[in-house]
Amino acid sequence: MKRHFFLLMLISTILVGCKPDEDILLEDEDLNLGGATSISGTYIQAFQQPAANLSTAELDLHREADKAFGDIFVTAPNTINGGLGPIFNQNACENCHVSNGRSPFPTDGNDLRGLLFRLSIEGIGSHGEPLAAPNYGGQLQTKATFGKTPEAQLTWYEVEEIKTFIDGEQITLSKPVFSIVNPYLPIPPNMMMSPRMAPPVIGLGLLEAIRESDILALADPDDADNNGISGKVNRVWDVKNQQTTVGRFGWKAGQPNLLQQSAAAYNQDMGITNPYFAQENSYGQTQGDALADDPEIDDITLKAAAFYAQSLGVPQRRNTTDPSIISGKELFMQIGCGNCHHPKFITGQHSEYAFLSNQKIYPYTDLLLHDMGEGLADNRPDFEANGNEWRTPPLWGLGLTKTVGGQQANYLHDGRAKTLQEAIMWHGGEAENSKENFSNLSKTEREAVIKFLESL
Ligand code: HEC
Ligand code: HEC
Ligand SMILES: [Ca+2]
Ligand SMILES: [Ca+2]
Ligand SMILES: [Ca+2]
């Protein structure tokens, strides 16, 4: 055990030898993961608390916004929350972002819960975006209103792989392999498909407030510092400002801000046209509707949905002075996890909401794209992200996954990992070294890393 630790120190000196000081965190410096927005509480509603630093007026807005996020849409021409579909994935934001946490993995193909599939064919559009698939568009809608046909159904099977840690302990990694059944029209040849599970929606306003220069400062596309990590920014299309900008949201950072992310969700996930995307997702397809009722929601509703994600509080860390959690955090940094799961930022000025500005936050993400290897690849480009690349997800709230979502947890972009250890062992590509370092830890040390993650 001692010898082992020494070896680890040696590896980590090589790995983190030239890291800037700011990455060495004090013991419980990161107690308030979300700065002044942080809230306390380890109950099922832990992801549903308003940020702690909202003004009374903002708190009122947040309560309105909460309704928008939960609103269930119904078929047109109903005047209240009408306009659902004609094809869609779910009828409310919260049906996918359950209790504002991640979606459960579906139990069968009849209801995919918060799992959806992005689609495209080879090539890029005039703004660098993936090319929509003929007859299918950019997303597979698996539900339809009465009288219309869903685009298709999904089926899957699991493939398994066994991994062995240095001490002989084994774990089984399994991943779903998806295929389309009952397509309403023949599937275009070479159509690419990217599975995406609904992630938690806490802390996102803070990520939006991180200065672009701070994100760019972490990027190292040609791995100039030779540490095997070459994070790059995604560059995506900002619909409102009609310009290319840094992507931050979604598993491949394909969306630039929360308003556009929410507008895309209304349009693609729910079939609700809005001021950003005023054309039905089924436009030009046989299941389109001929109603002249677009946009189906106005700016106020759209802004409210985005504001809800912007104004949620981030739960505080727990048990930060537990010695094994402290050593877990040290190990996390030593074995190179923090090279992508970047601990700390100070937010800049948020363009609209002062409560998000100048906050010292600990999201444990660099918001950059990384090649994560073949095992995680979706083989589908998304703007500048290639088929192997994913955005580092923030880790705040990770330890409350089951508290919020029930007994089963599903990590990673397609929900394949049922435990945090499985999620780590799927890491490859730029994270291969870090993953190897983890699997070469003793069981006690591995448990300490997991306990640290659970304290987030
Ligand atoms: C059918 C399920 C589904 C519905 C309905 C849905 N979402 Fe999502 N949401 C997702 C998935 C899947 C992602 C990840 C998307 C990606 O990677 O491109 C996501 C991502 C997001 C993100 C970005 C999170 C991050 O960490 O980057 C926000 C914000 C968001 N959704 C808000 C909303 C809002 C607001 C609504 C309602 C208007 C909504 N969602 C409706 C499934 C859903
Ligand atoms: C090269 C960058 C990189 C390194 C190094 C790295 N990660 Fe990750 N991590 C990612 C990316 C990207 C994902 C998302 C991959 C996906 O969903 O396909 C991820 C996902 C995760 C998840 C799942 C999060 C979620 O919301 O589902 C956990 C947990 C995690 N990493 C922990 C770790 C730990 C612990 C280490 C160190 C052993 C580590 N990571 C090292 C980039 C990295
Ligand atoms: Ca509609
Ligand atoms: Ca579609
Ligand atoms: Ca590098």
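Our subject is the structure that appears above.
Residues numbered from 1 in each chain as written. Chains lettered and ligands numbered in written order. Predicted model: local features only at pLDDT ≥ 70, side-chain atom pairs only at ≥ 80, totals over all residues. Heavy atoms only, no water.

A.B. asks: Describe the site of ligand 1, and please don't skip the residues or the numbers.
C.D. replies: The environment of ligand 1 is made up of 27 residues, and the closest members are Cys93, Cys96, His97, Arg196 and Gly250. One of the backbone N or O atoms of Gly250 is found 2.7 Å from an oxygen atom in ligand 1. Within the side chain of Asp269, an N or O atom sits 3.1 Å from a nitrogen atom of ligand 1. Every element with two or more residues in the shell around ligand 1 is listed here: helix H3 (93-96), strand E2 (115-124), strand E8 (192-197) and helix H6 (258-270). A per-element tally of the shell around ligand 1 places H6 first, with seven residues. (Near = heavy atom within 4 Å. Polar contact = N/O pair within 3.5 Å; in protein donor to acceptor, adjacent residues only side chain to side chain. Helix = DSSP H or I, 4+ residues; strand = E, 2+ residues; numbered from the N terminus.)

A.B. asks: Account for the pattern of salt bridges, with residues named and values stated.
C.D. replies: The tally for this structure, following the rule as stated, stands at 19 salt bridges. The partner of Arg446 in a salt bridge is Glu169, with the nearest N and O atoms 3.2 Å apart. A residue pair is termed long-range when its members are at least 10 positions apart, and Arg446 in helix H12 (residues 443-454) and Glu169 in the loop between strand E6 (153-164) and strand E7 (170-181) qualify at 277 residues. With relative accessibility at 25%, the residue Glu169 sits in the partly exposed group. (Salt bridge = Lys/Arg side-chain N within 4 Å of Asp/Glu carboxyl O. Buried < 20%, exposed > 50% of the residue type's maximum accessible area, 1.4 Å probe, protein only.)

A.B. asks: Lay out the site of ligand 2 with the relevant residues and their values.
C.D. replies: In the region of ligand 2, 26 residues are neighbours, and Cys337, Cys340, His341, His413 and His427 sit closest. Interatomic distance of 2.7 Å between a side-chain N/O atom of His413 and an oxygen atom of ligand 2. Within the contact set of ligand 2, a nitrogen atom lies 2.8 Å away from a side-chain nitrogen or oxygen of His427. Those elements that provide at least two residues to the shell around ligand 2 are strand E14 (389-391) and helix H10 (420-425).

A.B. asks: Please provide a residue-by-residue account of the side chain of Arg391, values included.
C.D. replies: Relative to the assigned elements, Arg391 resides in strand E14. Here Arg391 sits buried without a salt bridge, and the closest side chain of opposite charge, Asp366, lies 7.6 Å off (N-O distance). Among the polar contacts made by the side chain of Arg391, one reaches the main-chain carbonyl oxygen of Gly250 at a distance of 3.4 Å. With residues up to four places along the chain from it excluded, the contact list for Arg391 reads Arg248, Phe249, Gly250, Trp251, Lys252, Ala253, Leu367, Leu368 and Leu369. (Lys, Arg positive; Asp, Glu negative; His and termini not counted. Contact = heavy atoms within 4.5 Å.)

A.B. asks: So what's going on with the environment of Gly415? Which residues, and what values?
C.D. replies: Along the chain, Gly415 turns up in the loop between helix H9 (401-405) and H10. In this structure, the C-alpha to C-alpha distance between Gly415 and Pro106, residues 309 residues apart in sequence, is 9.5 Å. Excluding residues within four positions of it along the chain, Gly415 makes contact with Phe105, Met197 and Asn410.

A.B. asks: So what's going on with the nonpolar core? Residues and values would help.
C.D. replies: Judged by nonpolar contacts, the single largest core of 85 residues is most densely connected at Tyr266, Phe332, Tyr364, Trp396, Tyr411, Phe438 and Leu453. Of all the secondary structure elements, the ones that give two or more residues to this core are helix H2 (56-70), E7, helix H4 (204-209), H6, helix H7 (299-310), helix H8 (323-334), H10 and H12. Among the elements that line this core, the one with the most residues is H7, at seven residues. In this structure, Leu453 is in contact with Phe332, Leu395, Leu398, Gly399, Leu420 and Ile424, ignoring residues within four places of it in sequence. Within the second largest apolar cluster, 15 residues are counted, among which are Leu112, Leu140, Trp156 and Phe178. (Core = buried A, V, L, I, M, F, W, Y, C linked by side-chain atoms within 4.5 Å.)

Limitation: the analysis is restricted to geometry and does not speak to function.
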